[in-house]
Each structure stands twice: as structure tokens, then as C-alpha cells.
Amino acid sequence: MTETFRPSGEYPQQQPSAPVHHGGTEGAYRHGTYPPPPSFAPEAVPTAPHPPRRRRARGPAALLAAVAIAAAAVGGGTAYAVQTLTNQGTGSSATSTDVVPTSQKGTVSGVAQAVSPSIVEISATSGQGKSTGSGVITKSDGEIITNNHVISGASSITVRTNDGKTYDAEVVGTDSKKDLALIQLKDASGLKPATLGDSDNVKVGDEVVAIGSPEGLTGTVTSGIVSALDRDVTVSTGEGQQQPQQEQGGWPFEFGGQEFNGDTGSSKTTYKALQTDASLNPGNSGGALIDMNGNIIGINSAMYSPASSQAGADSGSGSVGLGFAIPVNTVKDDLAKLRSGSQS
């Protein structure tokens, strides 16, 4: 298990409110009573009580109405994005944001540049040793989501941000059944929160980027696709089983009735996971699986490694393109509980 209206309206063409009668004027022109007609057809005199001027004003009025509607939409969208980016309130996060600059949208480098400042490395020390994982910043004051197994049983937690700064952290809430935990940095401010997307919109074949700290290599970026949805992955809850993750081929988990990367033990939980072929290795747990718009769609949590499932396999075999991530909608549904301080 291892530790990403335009209001388009065409203004209605103006229709004359009354038919134009030409017979009388043509006779007048022939007898020289009136000056020559203009080069354009004269506007007909309406028979309706509303004057022509009011009719002509329909175009600008429609324009003003469209501008007003657009302004209202932009204003509402901006407020919604601010709420999402600062993770205030309990509403769903936006899935279409300006996380990645327009000129770099759809590129791995664009996603990496935009989202890397929101991913951290987590070092957790326990009586059994030291483990390294990753986390995603959810608030600018240092609130971070990660896997429960990354920090389970830890006596101290240290976090290093993308700019190299280090902070002490404490556990806010845990949910071992979903393998999620929320930690809070001490004396942190001005950090860049990630944007939580919508995992219900994820499709097989979607391109993704993974960012984390495999083997302690902070800020490592890999890419791939979503290769399957709704995989039943069974993992250890981490209770009383915390081990230095570098000594394993990855955090123990089960899939299809088989155990991988070690013994899951008797305390375990099962969840639906996104499967990806983006390279994941020990230390990626708790890091981000990101779509090409820069929105977090999952928290990387497990991987298959042949290192511990095949006798005599080289422990450095690493990822073979079978990684799993907790869908971000599961994370969003759990945030209120974690923020309340629940320890389960």
C-alpha cells in the first residue's frame, strides 16, 4: 500500500410591427412631391401604440441583460471557487477551476507546477520505527488530509512542505475504516490548499498525475491513466501494526482474495478504490491523484508490488502499474467528521 455560458445568445432580429405600404409613396415620387428615397429602406411607421424608438432599443436592452446575467454568474462562480479553495463550509468542491494556467492545461508539467505546492511529505515516528508518507493541504493554515496508516500509532509527526520548510503536526481526527486521517501543522499560514474535485465524474482512460514522496523523494511526479473504477481493496487499519514502510514492498492490502505486500492482520477494512497505472511506491500513501485540470480526484493509498508476494523477488521491484486511490468524494464526505476530532 502506498503511502491529482458563456451567454451566447443572438439578439432577435427586429421585425417590423406593421407592414410597409409602398404604393402611395411611389406615385408621389413620380410627381416630384417628395425628395428621392434614401439609399436604405425607410423604417415603417408602426400601427402599434409603442413608438419605433422603443423597438430599436431592444438590442441594447438585450445586451445589458446578457451582461448582467454574465456578471451574476461570474460573481457566484468566484464566490464558490473561493469557498472551495479555502475549504470553508461543507459544500462539494468545484470540479472546473483555474488551478492549471490555460496555456498549460492538459499537460503533466502544468499540473505538477500548479499542484506540487499543495502536497507535503509526512514523517511519522513510532515505537516500531519511522515511516514516510505524503499528504494534501486542505486549508491554508496547515490542515492536511492523509492515510490513517501513515500516522497510526505515531508518537511524533513532522511535515515538510514543497518549499522545504518543516513543521511539527498533531492528529486532529482519524477514520481507520476509510483509511483517512486529518492532521494540523503548528504555526503554519499562507499555504496553498489543493482543490478537491469530483470523483464521480472520473472515467476509465482519464489521464491522471500522482504526486507524493516515494522512498522519501519529496515531490515526485508520475503520470498515467485511470485503469479501473470501484475496485474492492482491503487494507490494514494500521492499528497496532505500524511498521517502517520502507521495509515492506508497500502497505499490506488484499485484493481478489489474495494478500499483497505483507500480512494485513486481523484488523482490516475494505473500500471502493480508483485503480491507476501511474507509478506509485512506498511513501506515496496519502498523496494526490490529480486530473489534468489540477483537481484532486483521489488519495493514493495502496499498490501491488511483487517484492513481497514472490519468493526471492528483488525488494526494489517497486510499482508495476497497479495502484489504488481512495476517491476524493469519500474524503469530502468524511471531512466534517475528521474535523470534529473523531478518532475511529
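**Q** Is there a simple way to think about the pattern of salt bridges in this case?
**A** Opposite charge on two side chains lets them pair, provided their charged atoms get close. Enumeration over the complete set of coordinates arrives at 5 salt bridges. A salt bridge links Arg160 to Glu121; its shortest N-O distance comes to 3.4 Å. Here Glu121 lies in strand E1 (residues 119–126) and Arg160 lies in strand E4 (residues 156–160), a separation of 39 residues in the sequence. Among the salt bridges present, the one from Lys178 reaches Asp334, with a minimum N-O distance of 3.6 Å.

**Q** It is not clear to me how the sheet that holds strand E5 (residues 166–175) should be interpreted in this structure. Could you clarify?
**A** Pairing in this closed barrel of 6 strands is antiparallel, and the strands run E1-E2-E3-E6-E5-E4 around the ring. Strand-to-strand, the axes of this sheet are offset by a mean angle of 40 degrees, without reference to chain direction. In terms of strand pairing, E1 meets strand E2 (residues 129–137) through 8 bridges, oriented antiparallel. Among the inter-strand pairings, Val120 is bridged to a residue of E2, identified as Gly135. Docked against the sheet, helix H6 (residues 328–339) engages strand E3 (143–146), E5 and strand E6 (180–185), running at close to 55 degrees with respect to E6.

**Q** Looking at this model, I keep getting lost on the nonpolar core. Mind explaining?
**A** Note on soluble globular proteins: their nonpolar side chains tend to be buried together. Val115, Val136, Ile145 and Ile296 are the most contacted members of the largest nonpolar core, which totals 30 residues. With 4 residues, H6 is the largest single contributor of residues to this core. Here Val115 is in contact with Val99, Ile211, Ile290, Gly294 and Ile296, once residues within four sequence places are set aside. Counting residues in each nonpolar core, the second largest holds 15 residues, with Ile122, Ile137, Ile183 and Ala188 among its members.

**Q** I would appreciate a short explanation of the environment of Tyr304 in the present structure.
**A** Along the polypeptide, Tyr304 turns up in the loop between strand E14 (295–303) and strand E15 (323–327). Sequence-wise, Tyr304 and Val320 are 16 residues apart; in three dimensions their C-alpha atoms are separated by 7.0 Å.

**Q** Can you walk me through the side chain of Asp334 in this structure?
**A** With respect to the helices and strands, the residue Asp334 is situated in helix H6. Of the residues examined, Asp334 reaches a relative accessible area of 2% and is grouped as buried. Every residue in contact with Asp334, bar those within four places of it in the chain, is listed here: Asp175, Lys178 and Leu180.

**Q** I would appreciate a short explanation of helix H4 (residues 108–115) in the present structure.
**A** Helical geometry: 3.6 residues make up each α-helical turn, so side chains three or four residues apart lie on a common side. Here H4 has its buried residues at Gly110, Val111, Ala112, Ala114 and Val115. In the core, the buried residues of H4 are packed alongside E1, strand E8 (207–212), strand E9 (220–236), strand E13 (288–291) and E14.

**Q** Explanation requested: unusual backbone geometry in the structure shown.
**A** Backbone phi values are negative for most residues with the exception of glycine, while trans is the configuration of most peptide bonds. In this structure, Asp179 is a non-glycine residue whose phi angle is positive, near 55 degrees. Judged by its relative accessible area of 0%, Asp179 falls in the buried class.

**Q** What's the story with the environment of Ser199 in this structure? I'm lost.
**A** Considering the arrangement of structural elements, one finds Ser199 in the loop between strand E7 (195–196) and E8. Owing to a relative accessible area of 9%, Ser199 belongs among the buried residues under this scheme. In this structure Ser199 touches Ile297, Pro327, Val328 and Asn329, once residues within four positions along its chain are discounted. Engagement of the side chain of Ser199 in a polar contact is seen with the backbone nitrogen of Asn329, the distance being 3.1 Å.

**Q** Is there a simple way to think about H6 in this case?
**A** In this model, H6 (12 residues) spans 16 Å end to end at C-alpha, consistent with the 16 Å of a helix rising 1.5 Å per residue. Those residues of H6 not exposed but buried are Val328, Asn329, Val331, Lys332, Asp334, Leu335 and Leu338. Check the buried side of H6 and you find it contacts E3, E5, E6, E7, E14 and E15. Looking one or two residues beyond H6, the residue adopting positive phi is Gly341, at roughly 95 degrees.

**Q** In this structure, what is going on with the pairing of E3? I would like to understand it.
**A** The two faces of E3 match: Glu143 and Ile145 on one face and Ile144 and Thr146 on the other face are all buried. With 2 bridges joining them, E2 and E3 adopt antiparallel strand pairing. Note that in E3 the partner of Val136 across the bridge is Ile145. The turn linking E2 back onto E3 is made up of 5 residues, and Gly142 within it adopts a positive phi angle of 100 degrees. Relative to E6, E3 runs antiparallel, the two sharing 4 bridges. For Ile144, the partnering residue across the bridge sits in E6 and is Ile183.

Conventions we followed
- Residues numbered from 1 in each chain as written.
- Predicted model: local features only at pLDDT ≥ 70, side-chain atom pairs only at ≥ 80, totals over all residues.
- Heavy atoms only, no water.
- Salt bridge = Lys/Arg side-chain N within 4 Å of Asp/Glu carboxyl O.
- Helix = DSSP H or I, 4+ residues; strand = E, 2+ residues; numbered from the N terminus.
- Pairing = 2+ DSSP bridges.
- Axes fitted to C-alpha atoms, helices over the stretch in contact; angles between N-to-C directions.
- Contact = heavy atoms within 4.5 Å.
- Core = buried A, V, L, I, M, F, W, Y, C linked by side-chain atoms within 4.5 Å.
- Buried < 20%, exposed > 50% of the residue type's maximum accessible area, 1.4 Å probe, protein only.
- Polar contact = N/O pair within 3.5 Å; in protein donor to acceptor, adjacent residues only side chain to side chain.
- Expected span 1.5 Å × (residues − 1).

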